[in-house]
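Tertiary structure, described
As a plain string of letters, each chain reads:
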Amino acid sequence: MKTTELDALVVGAGIAGLYQLYRLREAGMSVRCVDAADDIGGTWHWNCYPGARVDSPSYTYQYWFSEELLNEWEWSERFVGQPEIKRYLKFVANKFDLNKDIQLNTRIKSARWNADECRWEVIDESGSTWKVKYFISCAGMLSAPKVPPFPGHDDFKGIIAHTARWPRDLDLTGKRVGVVGTGATGIQVIQTVASQVDELFVFQRTPQYAVKMKNYPLDKEKLDYWRAQYPTLKNTVHGTFGGFEWAVTEAGWALNATYEERMAKLEECWQDGSLKMWVGTYPEILALEDMNKEASEFMREKIRARVQDPALFDKLVPTSYGFGTYRVPLENGYYDVFRRDNVHIVDVKDSPIERFSENGLVVDGQEYPLDVVVLATGFDAGTGALSRMDVHGRDGRSLTELWNKDIRSALGLQVHGFPNLFTVAGPLAPSTAFCNMTTCLQQQVNWVTDAILYMRDHNIQSMEATAQREEEWVQHHDEVANMTLMMKTTSWYTGANIEGKPKRLLSYIGGVDAYRQICDEIKENGYPGFELK
Ligand code: NA7
């Protein structure tokens, strides 16, 4: 079997992986990027389900490294659909000639640190080996699909489609469709397919506080406006809490405002029709019960106005958790579809889905006949992608075993015991949950690249977070997490959606700006807390 020797192997050809490949190659390193998929795009390749759309404004959801690229690419809408983002990523890969160093259809099976040679030995499923100095995971925070545990998958005679493994030729027109899950993904599917299908059954366990998305075409005037902002915007996004164009502190502190002022602020953010409603209002909403109750009630009123029918409202509005403590979805017609005669909600909170039958799903003894079951059931977030790769570090220690006991990392970028393994958007870094993903990914790729170049320039063979650095980060991360209400809600944020997964907030919630400062300081001081040998 073939062995390829390189400076670096990057796993994942999504937003992070493409940029990581670009940065290291620009620095003159030998690097290859591999991806299990048959095309590039990562998240935006796999999640090609009907209605897949980004929740970040397109003009902030892009690469900042090339002025030429910024001038050339034209976003068509404020919130663009999956096909357009994938087209953008392919455009970037072509423009910067990245494809020649990308190997598709390549799933990594295992990776083992060879201390004598100071190299990672990485084996893919075809049996080929990669011997590399730096092993960089850009495998994604939300890329390992979660398939729900109810039995009978093989009994079902229809089609089962997880949204992150969507069959490209699946046509739902005129079919009886069941959607399991009403997270950000389920909502996008439901609002998109309701008018195409014959019957739509929505199997809902937890309702959501969804914010009405304000989407619009970016005509020349709007695009020119944003293009004129790009030179400042590319810095602004790194200096805000959520990595967007607006800052949470702009709103001021809720406790210093009157009730009327707070309501006016919430209304202003609601009118923006974006995630500003979530991470752009008052920080206390995510930390203080009273403030959270106020915002939750504000949201319920907004949904009440949309839904109108009180019986439907009772089903569609959350009461068991506070606004913002679960990922806030944006919706575009979601609440309206439940007025259609062909759309039915099945409450599976108290009576969980029992099983698949030959013809559909069974809940509380009743069979719901279906042609297609859509699993919008989420992901084994944060740790899932790497845990499934069988990574062994110093002295043979297993990353999967470690994270099965306790999810730890240093800044989400390295793990003690795993030299020269870098994890972009690893657990305990800011990522999808609380930040505009392109912002955090680019910042983390830049940090990893700078660390690798520092090693090269100082003739350093290996870099590893010390146990103390890791422990300090975990403690700081937990301290910030415990100041918020996030830990009180059962969701993928804390790993609660995966049975047996250790509980810890999976993304850093101290803010993109604060995190960046910490990372910069470490770099500027020659990487204290990282053993350099
Ligand atoms: P999420 O947010 O994890 O949502 C998954 C949904 O699936 C959620 O409503 C779950 O209910 C539901 N679910 C999971 N298992 C079951 C079973 N067994 N029975 C019924 N319902 C179930 O995933 P998404 O893909 O929507 O979003 C992930 C991220 O992608 C999102 O945050 C964005 O950042 C993009 P539950 O809430 O657990 O009661």
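The structure reproduced in this document is the subject of the present report. (Residues numbered from 1 in each chain as written. Predicted model: local features only at pLDDT ≥ 70, side-chain atom pairs only at ≥ 80, totals over all residues. Heavy atoms only, no water.)

**Observations regarding the overall build of the protein**
- Per the secondary structure count, the protein includes 16 helices and 20 strands.
- The C-alpha radius of gyration computed for the protein amounts to 23 Å, which stays within 12% of the reference 24 Å derived for 533 residues, consistent with globular compactness.
- Each principal axis of the C-alpha distribution contributes one length, and for the protein these read about 70 × 60 × 45 Å.
- Counting all 533 residues of the protein, 62% fall into the buried class.
- Residue pairs at least 24 apart in sequence account for 72% of intrachain contacts in the protein once pairs closer than 6 positions are excluded. (Helix = DSSP H or I, 4+ residues; strand = E, 2+ residues; numbered from the N terminus. Rg over C-alpha atoms; globule rule 2.2 N^0.38 Å. Buried < 20%, exposed > 50% of the residue type's maximum accessible area, 1.4 Å probe, protein only. Contact = heavy atoms within 4.5 Å.)

**Quick word on the site of the ligand**
- Near the ligand lie 21 residues; those nearest to it are Thr182, Thr185, Arg205, Thr206 and Tyr326.
- At a separation of 3.1 Å, an oxygen atom of the ligand approaches a polar backbone atom of Ala184.
- Take Arg205: an N or O atom from its side chain is 2.9 Å from an oxygen atom of the ligand.
- Burial of the ligand by the surrounding chains reaches 90%, relative to a free accessible area of 780 Å².
- Here the shell around the ligand is built from residues that sort into 10 nonpolar, 8 polar and 3 charged. (Near = heavy atom within 4 Å. Polar contact = N/O pair within 3.5 Å; in protein donor to acceptor, adjacent residues only side chain to side chain. Areas by Shrake-Rupley, 256 points an atom, 1.4 Å probe, with all protein chains shown as cover. Nonpolar A, V, L, I, M, F, W, Y, C, P; charged D, E, K, R; others polar.)

**Notes on the sheet that holds strand E14 (residues 360-363)**
- Across the sheet, 3 strands lie side by side as E13-E14-E15; this open sheet has antiparallel pairing. Two strands bound the open sheet, and with one partner strand each, they are strand E13 (353-356) and strand E15 (366-369). Pairs of neighbouring strands in the sheet enclose a mean axial angle of 25°, with direction left out of account.
- The pairing of E14 with E15 spans 4 bridges and is classified as antiparallel. Directly across from Val363, in E15, lies its bridge partner Gln366. (Pairing = 2+ DSSP bridges. Axes fitted to C-alpha atoms, helices over the stretch in contact; angles between N-to-C directions.)

**A closer look at the packing of aromatic side chains**
- Under the definition given, this model contains 36 aromatic pairs.
- Ring plane angle 15° and centroid distance 4.7 Å describe the contact between Phe244 and Trp246, whose orientation is recorded as stacked. Grouping residues by exposure puts Phe244 and Trp246 together as buried.
- Among the aromatic residues, those joined into a cluster by ring pairs are Tyr19, Tyr22, Tyr63, Phe65, Trp73, Trp75, Tyr88, Phe91 and Phe96. (Phe/Tyr/Trp six-rings, centres within 6.5 Å; stacked < 30°, edge-to-face > 60°.)

**Focus on empty space enclosed by the protein**
- This structure, assessed with the given rule, holds 3 cavities of 30 Å³ or more.
- Reported here for the largest cavity is a volume of approximately 50 Å³.
- Surrounding the largest cavity, Ser137, Ala139, Gly140, Gly382, Ala385, Leu386, Thr423, Val424, Ala425, Gly426 and Pro427 form its lining.
- Taken together, the residues of the lining of the largest cavity break down into 6 nonpolar, 5 polar and no charged. (1 Å grid on protein atoms, 1.4 Å probe; cavity = no way out; pocket = protein on both sides within 12 Å on 5 of 7 lines; lining within 4 Å. Points joined across faces, edges and corners; volume = space filled by probe spheres on them.)

**Observations regarding the packing of helix H14 (residues 437-457) against helix H16 (residues 512-524)**
- Between H14 and H16, the shortest axis-to-axis distance is 11 Å and the interhelical angle comes to 5°. As judged from the angle between their axes, H14 and H16 are roughly parallel. Contact residues: Thr439, Gln443, Gln444, Trp447 and Asp450 in H14; Val512, Tyr515, Arg516, Cys519, Ile522 and Lys523 in H16.
- Of the residues assigned to the contact of H14 with H16, the class counts are 5 nonpolar, 3 polar and 3 charged. (Parallel < 35°, antiparallel > 145°, perpendicular 65-115°, else oblique.)

**Let's talk about the environment of Val372**
- Locating Val372 in the fold gives a position in strand E16 (residues 372-375).
- Taking the C-alpha atoms as reference points, Val372 and His416, 44 residues apart in sequence, are found 44 Å from one another.

**Brief notes about the side chain of Thr240**
- Here Thr240 is to be found in the loop between helix H6 (220-236) and helix H7 (259-272).
- In this structure the side chain of Thr240 is engaged in a polar contact, spanning 2.9 Å, whose partner is the backbone nitrogen of Gly243.
- When near neighbours in sequence (up to four residues on either side) are disregarded, Thr240 contacts Trp246, Ala247, Val512 and Asp513.

**Structural notes on the nonpolar core**
- In this structure, Trp120, Phe135, Ile136, Val391 and Trp447 are the most contacted members of the largest nonpolar core, which totals 139 residues.
- No other element matches the 9 residues that H14 contributes to this core.
- Non-local contacts of Phe135, meaning those with residues more than four positions away in its chain, are made with Leu9, Val11, Ala111, Trp120, Val122, Met389, Val391, Asn420, Leu421 and Phe422.
- One finds Leu172, Leu200, Leu316 and Val337 within the second-largest nonpolar core, a separate group that totals 33 residues. (Core = buried A, V, L, I, M, F, W, Y, C linked by side-chain atoms within 4.5 Å.)

**Let's talk about unusual backbone geometry**
- In this structure, Asp97 is a non-glycine residue whose phi angle is positive, near 50°.
- Structurally, Asp97 is set in the loop between helix H4 (82-95) and strand E3 (102-103).
- We classify Asp97 as partly exposed; its relative accessible area is 40%.
- Phi is positive for Asp395, which is not a glycine, with a value near 55°.

**Description of the state of the cysteines**
- In the structure shown here, the tally under the stated rule is 1 disulfide.
- Between the sulfur atoms of Cys435 and its disulfide mate Cys440 the distance is 1.5 Å. Summarising the burial analysis for this pair, Cys435 and Cys440 share the class buried.
- Cysteine Cys48 remains unbridged, with the sulfur of Cys33 as its closest cysteine sulfur at 19 Å.
- According to the relative accessible area criterion, Cys48 is buried, its value standing at 19%. (Disulfide = S-S within 2.5 Å.)

**Here's the deal with helix H5 (residues 184-193)**
- Counting buried positions along H5 gives 8 out of 10 residues, so the element sits mostly inside the fold.
- For H5, every residue scored as buried is listed here: Thr185, Gly186, Ile187, Gln188, Val189, Ile190, Gln191 and Val193.
- Each element contacted by the buried residues of H5 is listed here: strand E8 (176-180), strand E9 (199-204), strand E11 (330-331), helix H11 (334-337) and E16.

**Here we look at the pairing of strand E6 (residues 129-137)**
- Counted residue by residue, E6 has 9 buried out of 9 residues, so it is predominantly covered.
- Inspection of the sheet shows strand E5 (residues 119-124) paired to E6 by 4 bridges, in the antiparallel sense. Bridge pairing links Val122 to Trp130 in E6.
- Counted between consecutive antiparallel strands, the loop separating E5 from E6 contains 4 residues, among which Gly127 sits at a positive phi close to 100°.
- Where E6 lies against strand E18 (residues 421-423), 3 bridges are found, and the strand directions are parallel.

**Here's the deal with the side chain of Lys265**
- Structurally, Lys265 is set in helix H7.
- We classify Lys265 as buried; its relative accessible area is 14%.
- In this structure the side chain of Lys265 is engaged in a polar contact, spanning 3.2 Å, whose partner is the side chain of Glu268.

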